[in-house]
Amino acid sequence: MNRFKSSGATELGKFLLSRLLSLVPILFGTSLVAFFLVRLIPGDPVIALLGLEANDGAIAALRAKLALDQPLPVQYLAWLGHILTGDFGRSIQGGREVFPLLLNALGPTALLSLAALIVSLVIAIPAGIVAATRRDTAADYGASFAALCGLSMPSFWLGILLILTFSIALPILPASGYVSPLVDPLGFLSFLILPALTLGAALAAATMRMTRATMLEVLRSDYVRTARAKGVPWRRVVWRHAFRNAQIPIVTLLGIQMGQLLGGVVVTETVFSWPGIGKLTVDAIFARDYPVVQGAVLLTAVLFVLINLLTDLVYTLIDPRVGLA
Amino acid sequence: MSAVAPARPGSAFLSGILRDRRAALGCALVLLACLAALAAPLIAPFDPNDPDFAAILSPPSAVHLFGTDDLGRDTFSRVVYGARVSLFVGILSVAGALVAGTALGLIAGAFGELTDRLIMRVMDVIFAFPSILLALAITAVLGPSLSNAVLAIAVVNLPVFARIARAQTLVVRRLDFVEAQRALGFGPWTILFTTIMPNILAPIIVQGSLLFAAAIITESYLSFLGLGAQPPTPTWGNMLKNAIGFLDLAPWLAWFPGAAIFLTVLGFNLFGDALRDIFDPRNT
């Protein structure tokens, strides 16, 4: 028995190592994209990074720091060395360090993403189960069409419609803004509801379609038919037998969606003035604050890759049918 | 057993569309958007950029069906002309991604492991970015404009086509008729583009129809953020960006461009779903 356990642990270790190694070329590629992002801007990258009003001393110092008189590979290695020690440069606006700026913005983005995920699960799982268990009824058609509408609706338009309804027609929720949950938890919730609904609705559409499809497949399986033949009540068959087994692809989809949320927040945060990484990126683009743009793009891509890796691992661990090879 | 003549693909496709009510609705919505784009000068009652300072922020009426904006411009005319930008960006970006992605996927699948690895690792890197973020980064570097929005959307969709084309090429290149061409002495490029390519196109075209909807949404995001076509060119996205400032005074400015994006994307999604079902061999 122990022999099997230790062999399983070794397998898992090897799998983890191979997955981590497969990330190396992707992370190398994303770092190249972020590096060239500033180099491709027409003109001097030092001026792009410091702004037009930078003094000669600062320009000379940054030129030396970035090794701009050296060949490109040396420049890249110098830049990478700074990034790996958390030195993302300074924002052109206000001169603050970029890395703490990014970390501060990650908190609100994480809270909004989590809330959106909860909203999507609360809507999508019951709707998907009802659609599957009542296949080809009005409930199924209604839920499926609603999901298709959710997928077709640009999130910023849904956000605007929610503002029109709940902030202007029935003024019960604020249209935009943010307050830390540590300072004013109720105020935070009131600011959170509309952006979380906006972001959650698009996620709910995809999750509902996946829940319906997976439940339909599981409900057709032999063990569900056996459970029904044994006289197990329908409700119990759905929740204990079918839904438990349908969770695996849904968990995978949720992992993928967590990654997609990092993209989705860009527009939602802009509509609701939510001070997360998405709004920071958009503001930085318009201010031509390239150190912030570069840092935000790199950090978001790395997070996206890590979340996808985590999803892969969770999928492998919770479904014994998926091999570690 | 009686012999049955195989149905022509075109007629099977048409009957498939007509049988499925969702597909018919999708087709109708897509045709409506195409009609608006093609016949905009005939349909729009006003010049989309013509200001009328006597009719600023007028609500919908018989004269101005969708009301007017803060410069008195007719919102209906702007929505109709906006269809041109959305469809133009959708067609050009998806066609660009389809052609370049298919070519890269064909080359990756047919020319040995080193080429395959090199091309697919680059595709993996593009895939490693959330698509809207990469599109934003590209337009931020190149500058906001319609052509750069097209380029950005094409680049983020490139890996989708490359992956499908590569996977299909790996299967088709080992089939007997390809081996026969090789034995007859045809060169690798001839085999690739005259024999393999026509046999891998069906799933790529289906994916293209589904990505069209995504491309229209991405264009609207870029325009909404101010990184697409620049004013005064009317786009549905930049009309919504403008509407944000007048939500309490003129909510109609937000209703109609948003509804135009929603209905067009819904049409393409319904149409793409139907296309996938028709081409899915499990449904035959």
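Reading the values: the criteria
Position numbers for residues start from 1 in each chain and track the written sequence from start to end. Going through the entries in the order they are written, you letter the chains from A and number the ligands from 1. The predicted origin of the model limits local features to residues at a pLDDT of at least 70 and limits the giving and counting of side-chain atom pairs to 80 or more, whereas totals for whole chains, interfaces and linings rest on all residues. A run of H or I in DSSP counts as a helix once it spans at least four residues, and a run of E counts as a strand once it spans at least two, with each numbered from the N terminus. We call two residues in contact when their backbone-placed C-beta atoms lie within 7 Å. Residues are grouped as follows: Ala, Val, Leu, Ile, Met, Phe, Trp, Tyr, Cys and Pro are nonpolar; Asp, Glu, Lys and Arg are charged; all remaining types, including Gly, are polar. A set of buried residues drawn from Ala, Val, Leu, Ile, Met, Phe, Trp, Tyr and Cys, joined through C-beta atoms within 7 Å, is what defines a nonpolar core. Note on burial: count the other C-beta atoms lying within 10 Å of the residue's C-beta; 20 or more is buried, 12 or fewer is exposed, in between is partly exposed, and C-beta positions come from the backbone. The predictor's confidence in any single residue is recorded as pLDDT, a number from 0 to 100.

I keep staring at the environment of His-64 of chain B and nothing clicks. Help me out?
Residue and element names in this part refer to chain B. Its location among the elements puts His-64 in the loop between helix H3 (40-43) and helix H4 (75-110). Sequence separation of His-64 and Trp-252 is 188 residues, and the distance between their C-alpha atoms is 11 Å. Not counting residues up to four positions away in its chain, the partners in contact with His-64 are Ala-55, Ser-58, Asp-74, Thr-75 and Phe-76.

Whenever I open this one, the interface of chain B and chain A confuses me. Can you help?
Taken together, the contacts link 31 residues of chain B with 36 residues of chain A. At the level of elements, helix H5 (112-127), helix H6 (131-142), helix H9 (188-224) and helix H11 (252-279) of chain B are the ones that each hand at least two residues to the side of chain B that touches chain A. Split by residue class, the side of chain B that touches chain A holds 24 nonpolar, 4 polar and 3 charged.

Whenever I open this one, the nonpolar core confuses me. Can you help?
In a soluble, globular protein the nonpolar side chains are often hidden away together inside. If you look at the biggest cluster of nonpolar residues, it comprises 167 residues, and the most contacted ones within it are Val-293 and Val-297 of chain A together with Ala-135, Leu-136, Ala-137, Ile-153 and Leu-240 of chain B. Beyond its immediate sequence surroundings of up to four residues, Val-293 of chain A is in contact with Leu-37, Thr-281, Ala-284 and Ile-285 of chain A together with Ala-137 and Ala-140 of chain B.

Please explain the confidence of the model for chain A as it appears in this structure.
A low pLDDT means the predicted coordinates there should not be read in detail. Residues of chain A with pLDDT of at least 70 account for 94%, and the chain-wide mean is 84. Considering each helix and strand of chain A separately, the mean pLDDT is smallest for helix H2 (residues 45-50) of chain A, with a value of 74, and largest for helix H7 (residues 155-169) of chain A, with 94.

Which parts of the structure should I look at to understand unusual backbone geometry?
Each neighbour pair has its own omega, and for Pro-231 of chain B with Pro-232 of chain B the value is 10°, a cis peptide bond. Non-glycine residue Ser-273 of chain A carries a positive phi angle of around 50°. By secondary structure assignment, the location of Ser-273 of chain A is in the loop between helix H10 (234-271) and helix H11 (277-286). Here Leu-57 of chain B, not a glycine, exhibits a phi torsion of approximately 50°, which is positive. Mapped onto the fold, Leu-57 of chain B is located in the loop between H3 and H4. On the neighbour-count criterion, Leu-57 of chain B (15 C-beta atoms within 10 Å) is partly exposed.

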